[in-house]
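Here is how the chains run, residue by residue.
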Amino acid sequence: MEYTGSRYNGEQRNGRLEGKGEYSLPTETRYEGEMKDGMFHGQGTLYFPNGSKYEAQWDSGIALEGKYTFADGLQYETEKWRYCDGYDRRFYTEICNGLKPAGRSQLTNLDPPRQIPEGCYDCGDGFYDPVSRVVNDYQHRFLRNADDDEHEWIIRTCRKGWDEVTGYKAKH
């Protein structure tokens, strides 16, 4: 584990991760729960750095059945999913707390939204710098280099760290 940057604190049997424990990945994602033969096995929860979690029943490292909860408490449901479904485009915090008065737009589920560094994009798990093509988390720590597909998607869809005039543009 010292070579991968992972850490484990918990029960072991015959030098293997087995029993209850906490396994931390270098990405700051951590698993708390049961292990068997060095794999997630039994009841366990993955906690992600953004505050979300995935609780599941695991079998030899594979999630058999689970439940994902976003950082704001919204639970993902495959059936009867009513959040951002095409008909109701409100953020979850707007569903819980009501809409803002006219003229005060809510740009993200966080209110107020994160301040994006100049020239960067907010890509959901951190800030993206299109010049260096690097995604850093919200504490400005390296997450990953963006490949061409992710770069194009971020440029096309994510919130920018600068104002840009929108509206009608003449074709000439």
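Residues numbered from 1 in each chain as written. Predicted model: local features only at pLDDT ≥ 70, side-chain atom pairs only at ≥ 80, totals over all residues. Heavy atoms only, no water.

*Asks:* Break down the overall build of the protein for me, with residues and values.
*Replies:* If you tally the helices and strands in the protein, you get 2 helices and 11 strands. For the protein, the N- to C-terminal ordering of α and β elements is β-β-β-β-β-β-α-β-β-β-β-α-β. Within the protein, the proportion of its 172 residues that are buried is 26%. If you take every contact in the protein between residues at least 6 apart in sequence, the share linking residues at least 24 apart comes to 13%. As presented, the protein carries roughly 12400 Å² of accessible surface, and 49% of it is formed by carbon and sulfur atoms. (Helix = DSSP H or I, 4+ residues; strand = E, 2+ residues; numbered from the N terminus. Buried < 20%, exposed > 50% of the residue type's maximum accessible area, 1.4 Å probe, protein only. Contact = heavy atoms within 4.5 Å. Areas by Shrake-Rupley, 256 points an atom, 1.4 Å probe, with all protein chains shown as cover.)

*Asks:* How would you sum up the sheet that holds strand 7 (residues 121-122)? Please name residues and give values.
*Replies:* A sheet is described by the order of its strands in space; here 5 strands give the open sequence 10-9-8-7-11, paired in antiparallel fashion. Two strands in the sheet have a free side with no partner beyond their single neighbour: strand 10 (142-145) and strand 11 (159-160). One ladder, built from 3 bridges, connects strand 9 (residues 134-136) with strand 10; its direction is antiparallel. Within the sheet, the bridge partner assigned to valine 134 lies in strand 10 and is asparagine 145. (Pairing = 2+ DSSP bridges.)

*Asks:* Would you mind going over the sheet that holds strand 3 (residues 30-36) in detail, with residue names and values included?
*Replies:* Reading across from one edge, 1-2-3-4-5-6 is the order of the 6 strands in this open sheet, with antiparallel pairing throughout. At either end of the open sheet lies a strand with only one pairing partner, and these are strand 1 (7-13) and strand 6 (62-69). Geometrically, the sheet is characterised by an average inter-axis angle of 10 degrees between neighbouring strands, direction not taken into account. Bridge count for strand 1 against strand 2 (residues 16-24) is 6 bridges, and the pairing is antiparallel. The residue of strand 2 that forms the bridge with glutamine 12 is leucine 17. (Axes fitted to C-alpha atoms, helices over the stretch in contact; angles between N-to-C directions.)

*Asks:* Please provide a residue-by-residue account of the environment of tyrosine 54, values included.
*Replies:* Residue position: tyrosine 54 is located in strand 5 (residues 53-59). With relative accessibility at 21%, the residue tyrosine 54 sits in the partly exposed group. With 15 residues separating them along the chain, tyrosine 54 and threonine 69 place their C-alpha atoms 6.4 Å apart.

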